[in-house]
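Structural features, examined
If you want the building blocks of each chain, they are given just below.
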Amino acid sequence: MTNELNYILESKNVNVYYGELHALKDINLKIQKNSVTALIGPSGCGKSTFLRVFNRMNDYIDSFKIEGDVFMEGQNIYDKKVRVDELRKNIGMVFQKPNPFPKSIYENVAYGLKIQGIKDKEFLMDRVENSLKQAALWDEVKDDLKKSALALSGGQQQRICIARALAVEPNVLLMDEPTSALDPISTAKVEELINELKEKYTIVIVTHNMQQASRVSDNTAFFYMGDLIEHAKTEDIFRNPKKERTQNYITGRFG
Amino acid sequence: MTNSKKNRIKDKLFEYFGIACTFFGLVMLAIFIGNILIDGLTRIDLDFLQNLPSRKPEKSGILTAWTGSLWILCFTTLIAFPLGVAAGIYLEEYGKKSSLSSLLEVNISNLAGVPSIIYGLLGLEIFVRVFSLGNSILAGAFTLALLILPIIIVATREAIRAVPPSIRAASYGLGASKWQTVWHQVLPASMGGIFTGVILAISRAVGETAPLIVVGALAYVPFTPSSPMDEFTVMPIQIFNWVSRPLHGFTINAAAAIIILLLITFIMNGIAVYLRNKWQKKISW
Amino acid sequence: MTLLEQELKDLRQELLNMFLAVNNQLTKSEKSFLEFDKDLASEIANSEKRINSLELKIDRDCENILALYSPVAVDLRFVLSVYKINHELERIADIADGIADYVNDLDSGFPKNAVKDVRIKEMFIQCKSMFENVIEAFEKEDTSIARRVFKQDELLNQINLNGSKNIIKNYSEKNAKSLFFLLSCVRKLERAGDLIKNISEELIFSIESKVVKHKKKK
């Protein structure tokens, strides 16, 4: 990777502690704009924690402590002046299990805008339609937007969650194992979607499925025991990783 | 005899024992209700509901008692519901895990177990005397509200805890504040559980006698209350009063009033069950 | 050991068997050629069938591993290289078989002088040495041994270049058939050298992830 590339997120010497546990150790990583970056590693390696560093979702954990700087487009997001709700409008998140609100499809997608105080019905409808289209769900649900989102299939629910995140027009989309609860066909749809979304958004995805990482991502970062072991182009990681630990992990020879 | 045969016999024996245990309570209840129904059913008519209490049993009615109960019910709910739910939300969503919060938690659980007469004495001292509310509906309602507050708080917390954390995470992830998350997501999703708890608590309050006697509810009130500061009586006190009279006619009145009181309690429990089922069906995670 | 590791170990053993079987064919073809031993030549033709079926089996195993285990990185390179080496080995076996065919086809032996002039014995020895080198490189996963064959191949090329000239020198009507066969054998052995070189390239790719094909080798 050369320097001319445009980086949107950057972590500088980030250390994270949960009480006594040193969960992330001196992580330096830059994330390229309009690319898909996959974070891989065994359970408990810190990849999910690292993902949540970017939208400060760890702040709710009492014992959480962070050192170092995290920048989004040059702005330190852990600065006292930064408002967390503003930050999260810029950095959307999709979770492991589809977690639509127990409300209608429309209400789900419009929620992020409504809590910003937007009441204009036409504007809301426009955004809802757009977001659902981007999430490749519009054709499936356009006739029953009033239906409860919980009545949809798991794959559709997850795409609702993606549409919901897109509705507030973020720059970055964080995805925490977005397909681990989905069947292969829904998984394929979500992966296809990720590939399309990267035109407009920067995507960081945590995944346990290495083939998924190799399919959807441009860059891959391998974490192990809180250390960032290797970060490179995905094809380099999967063809010829530089570090032995990475190789052991991706070929399944671990421990 | 083989071991498996022995086991089978033991199994059967316990089954019969269990059936006996189950039916013991039910049979007792059935006998009690049957007795009451035989005594009181014929006494119930529109007049019984509309008449004021009187010295003559056949002219006596429960108008003051049930209106008093209704007043007490409304005010108790108005006081206890917001207080209890707000406290529950605070403890579950805002309260940090500290020694203070665990102290609070232990005390709330303890409060739920305090005998109701103690609440009566507390109400007498604080509401009747210190706040000089007198023997009024308001004093009674405050006292009962205090009594059921712990139940509502516990029920609220249980209901809130049942809302999956993923819903909160989703809301925070979209930039919602804590209050927005509680108001738009957590409360609507836990309302079924909260209502159920509140209704069960209130149906307990309807049957309470001791604290109200201490606070000063009167056995004989010759008028229906027209403001929260009026004196009052409630159904259980009316029943208690009638039962202790020597005339047989009053015993029949008491039976009839018990039927009405049981009816109210059953209806409220029914509403609670209905609400729970309805909300559970709507939200399945 | 993971399931994939077990499969790869089995595959490695199978390919080693293939290596050894082909080495056997090569040795036998040399002997049958130099001693004009027709019995041995028939034996080679029979063993060829066994090698063909071994080739198919390795092919299928590679396909299975790719389909079922989705290997990556070093594992993927290993399977890919086994797949290719397998084919090269089969073609080397074909060469041994082809030489045996010529032996079977001739009534009398090859003209002694011509055999000496075209230096075919040297070619056989060089081929065998190269082949043993790639077997050792494969067994020990040692690319420095594999790299030796690039230099060794130059001798084969050089002998081959002078092949036609030496045949013409010995040409006579009577010997025409056996001389053509002899020249074909020279060509075949030169080809075998190239195939061995390909195997060496695959080994280097598999172990070092370096592509040395179509590049100047050191």
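Residues numbered from 1 in each chain as written. Chains lettered and ligands numbered in written order. Predicted model: local features only at pLDDT ≥ 70, side-chain atom pairs only at ≥ 80, totals over all residues.

**Considerations on the sheet that holds strand β7 (residues 172–176) of chain A**
All names here are of chain A. Test applied: Two strands are counted as paired when DSSP detects at least two bridges linking them. The secondary structure listing takes helices from DSSP runs of H or I that are at least 4 residues long and strands from runs of E that are at least 2 residues long, numbered from the N terminus. Axes here refer to lines fitted to C-alpha atoms; in helices the fit is confined to the stretch in contact. Angles between the N-to-C directions go from 0 to 180 degrees. Contacts are defined on C-beta atoms placed from the backbone: any two residues whose C-beta positions lie within 7 Å are in contact.
Within the open sheet, the six strands sit side by side as β6-β7-β8-β3-β9-β10. Their pairing is mixed. Pairing within the sheet leaves two strands with one partner each, and these edge strands are β6 (91–94) and β10 (227–233). On average, each strand axis in the sheet is inclined to that of its neighbour by 15°, with strand direction left out of account. Where strand β3 (residues 36–40) and strand β9 (residues 219–224) come together, four bridges link them in parallel fashion. Residue pairing across strands places L39 opposite A221, the latter belonging to β9. Against the sheet, helix α6 (residues 154–167) engages β6 and β7, with an angle of about 170° to β6.

**Overview of the interface of chain A and chain B**
Defined as follows: Three categories are distinguished: nonpolar for Ala, Val, Leu, Ile, Met, Phe, Trp, Tyr, Cys and Pro, charged for Asp, Glu, Lys and Arg, and polar for the others, with Gly belonging to the last.
Contact residues are listed per partner, giving 19 residues for chain A and 18 residues for chain B. Elements with a contribution of two residues or more to the side of chain A that touches chain B: α2 (84–90), β6 and α3 (105–114) of chain A. Ranked by residues supplied to the side of chain A that touches chain B, first place goes to α2(A) with three residues. Looking at the side of chain A that touches chain B residue by residue, the classes come out as nine nonpolar, four polar and six charged.

**Quick look at unusual backbone geometry**
All names here are of chain A. The phi dihedral of D26 falls on the positive side, at around 50°, and the residue is not glycine. Looking at the element boundaries, D26 is found in strand β2 (residues 21–32). Phi is positive for A136, which is not a glycine, with a value near 55°. Of note, A136 is situated in the loop between α4 (121–134) and α5 (138–141).

**Topic: the pairing of β6(A)**
All names here are of chain A. Convention followed: Three exposure classes are used, based on other C-beta atoms lying within 10 Å of a residue's own C-beta, which is placed from the backbone: buried for 20 or more, exposed for 12 or fewer, and partly exposed in between.
Along β6, one buried face is formed by I91 and M93 and the opposite face, lined by G92 and V94, is buried too. For β6 and β7, the ladder comprises four bridges, and the chain directions are parallel. The residue of β7 that forms the bridge with M93 is L174.

**Points about the confidence of the model for chain B**
How we decide: The pLDDT score gives, residue by residue, the confidence of the prediction method on a 0 to 100 scale.
Per-residue pLDDT for chain B averages 86, and the proportion of residues at 70 or more is 97%. In the model of chain B, helix α2 (residues 46–50) of chain B stands out as the element of lowest mean pLDDT, 81, in contrast to helix α7 (residues 165–173) of chain B, which has the highest, 92.

**Some thoughts on the interface of chain C and chain A**
The interface is formed by ten residues belonging to chain C together with ten residues belonging to chain A. Of all the secondary structure elements, the ones that give two or more residues to the side of chain C that touches chain A are α1 (3–34) and α3 (73–105) of chain C. Residue contributions to the side of chain C that touches chain A peak at three residues, all from α3(C). Considering only residue class, the side of chain C that touches chain A consists of five nonpolar, three polar and two charged.

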